[in-house]
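For reference, the chains in residue letters:
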Amino acid sequence: MKTLYRASRVVTFSYPAVGEWVLVDGRHIERVGVGEAPEADRVVDLPGTTVLPGFVDTHVHLTGTGVHQQAPELGSAGSATELLTLVRGIAAGRRGPVYLHGWDESGWRDRTLPTLGELDRVTEGPLGLTRVDGHLVLVNSAGLEASEAAGETGVETDGVGAPTGRLTGNAGQAAKRWFSTNLSDHDVEELQLAAASLAVAHGVTTIHEMSMPADRGMRDLEILLAHRSRLPLDVVSYVATTDISTVMDLGLPRIGGDLPVDGSIGARTASVSGGFVDRDPSPEGFFGDDELAQYFHDGHLAGLQVGVHAIGDAAVEQVVRTWERVYQSLDSRQRRHFRARRHRIEHFEMASLDVIERAAMLGLAISVQPTFDARWGFPGGLYEQALGPERAASMNRFRDLLSRGMEFGAGSDSPITTIDPMVGVAAFEAHHDPSQRLRREEAVRVFTLGSARLAHQEDKKGSLEPGKHADFAVYDVDPIDSPSLDGVRPVLTVSLGRDVYAA
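Residues numbered from 1 in each chain as written. Predicted model: local features only at pLDDT ≥ 70, side-chain atom pairs only at ≥ 80, totals over all residues. Heavy atoms only, no water.

Between helix α1 (residues 62-70) and helix α7 (residues 213-227), whose axes approach to 10 Å, the crossing angle comes to 95°. It follows that α1 is roughly perpendicular to α7 by the angle criterion. Between α1 and α7, the contacting residues are L62, T63, G64 and V67 on the first element and R216, D220 and L224 on the second. A breakdown of the residues in the contact of α1 with α7 according to their chemical character gives three nonpolar, two polar and two charged. (Axes fitted to C-alpha atoms, helices over the stretch in contact; angles between N-to-C directions. Helix = DSSP H or I, 4+ residues; strand = E, 2+ residues; numbered from the N terminus. Parallel < 35°, antiparallel > 145°, perpendicular 65-115°, else oblique. Contact = heavy atoms within 4.5 Å. Nonpolar A, V, L, I, M, F, W, Y, C, P; charged D, E, K, R; others polar.)

As structure tokens, then:
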């Protein structure tokens, strides 16, 4: 069946640059044009609207986003007392283990976290509260015991060796994994569906799902793969593992994704040269050089796109240095398609100009989260609290990435920040360093065509032209020209030719 969508303006990021209608044949765009429209089986008139290519979010945790949406108010807590009060109210209405996500102490006047005793008084059953960045988990005694996390590295203890209830590293992963096992398959499906529905309501038609087996086990990914065709958007799966055979058995052409080479700045687990202002020395990275080189080498030779998570400058340097080492080890035949593979680095927040240039020479692809800067990059914010003003000022060099001609896409890292791409576009425009800001159209291109390229999907997504997927979002204000993007939402989202959201 052919459907004709008629609007005031269709921004294609292709040729013609601007149209007035889109003709869709099944899942694909047949034509984009102006003037008299062709006949169609179905006509959707959208007067006064602007059509943009569907947004591609390069970094999403679907189940985690669903979990966050169950109690988004945790992010509004302004103190440990407020956080505990919110959690107590939520726990009173639930049976069984309670697992919530989203608290962020960086904006609290007093950034002291709850004690184990205070967490124990919230509920008798197992309780887990994951920090907004996902790299620090607060658990009560029941949660610590049930998850068996006490036997792992990353359990913080006090001066007498007693646990404080704060878990990072392997202990944090063990706790999150245990809470995930208490979800039924149906629960996981519903959480993923809720997250996907939220995404399309914001004009996102494709996500790059960052599966985290260490946090949720492989079951989470298996459930997603089994029902992704029924979701209202397209899903590209990345698996945070070094097990190449498992990924190839799943038929995936990519590996790693959010596989952490270091942690986060908020949890003080990022690998940062010079240490943190309030904690010295900085933790070391999670991989040795030889181990990381073996993973990169084997993944490349297996024909996979290889990705990792790297935030701190020491971690970013290690990743780029190791890719240089691997590239030098390849013979001319093996190097032939190296740049075309677009091996990825997620986050890339503390990258110097020298490292950016070296990464560009290798053809590495960068997935950034602009809303991180909007949320934590301002004076006095999290980055300055942890790193001091000089290092914080040089983070997230978005303009430098663009000017060096790098493969460059953007995402939300939902549920860490909102899956709304308009918030991300606004963050690109309002970077804390004016020299690193992107113009509106540049930012939208990064979130559409640039992001599609990160998964080798530029032949199907990111622009509106014949033969590509019918993925687009329709707005009653023009997001390219609107003075403000605050509250700008689509009135219609179309994914793979399906009307998946209507305001």
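Next comes the rest of the write-up.
Another point: the pairing of strand β20 (residues 498-502). The pairing of strand β19 (residues 490-495) with β20 spans four bridges and is classified as antiparallel. When the sheet's bridge partners are listed, L492 is paired in β20 with A502. Following β19, the chain reverses through two residues before pairing antiparallel with β20; L496 in that reversal takes a positive phi of roughly 50°. (Pairing = 2+ DSSP bridges.)

Close approach of charged atoms allows side chains of opposite charge to pair. Scanning the model with the defined rule gives 35 salt bridges in all. Here E30 and R31 are joined by a salt bridge, their closest N and O atoms 3.7 Å apart. We note a salt bridge from E442 to R439, for which the minimum N-O separation is 2.9 Å. Overlapping salt bridges, with partners in common, bring together D289, E317, R321, E324, D354 and R358 in one network. (Salt bridge = Lys/Arg side-chain N within 4 Å of Asp/Glu carboxyl O.)

This paragraph deals with the packing of helix α6 (residues 185-200) against α7. Helix-helix packing is characterised by the crossing angle of the two axes and by the distance between the axes. It is the contact of α6 with α7, at a shortest axis distance of 10 Å, that shows an interaxial angle of 65°. In terms of axis orientation, α6 runs roughly perpendicular to α7. Between α6 and α7 the crossing geometry is right-handed. Together, D185, V188, E189 and Q192 of α6 and R219, D220, I223, L224 and H227 of α7 make up the contact between the two elements. (Left-handed = near helix turned anticlockwise from the far one by under 90°.)

This brings us to the sheet that holds strand β12 (residues 234-239). Spatially, three strands are ordered β5-β11-β12 in an open sheet, and the strand pairing comes out parallel. With partners counted over all chains shown, the strands left at the sheet margins are β5 (55-60) and β12, one partner each. Direction aside, the axes of adjacent strands within the sheet are offset by 15° on average. Sheet analysis places strand β11 (residues 204-211) next to β12, joined by six bridges and oriented parallel. Bridged to T206 within β12 is D234. Its contacts with the sheet place α7 against β11 and β12, and it is angled at close to 145° to β12. Helix α19 (residues 440-454) rests against β5, β11 and β12 of the sheet, and its axis sits at about 65° to β5.

Structural measurements only, silent on function.
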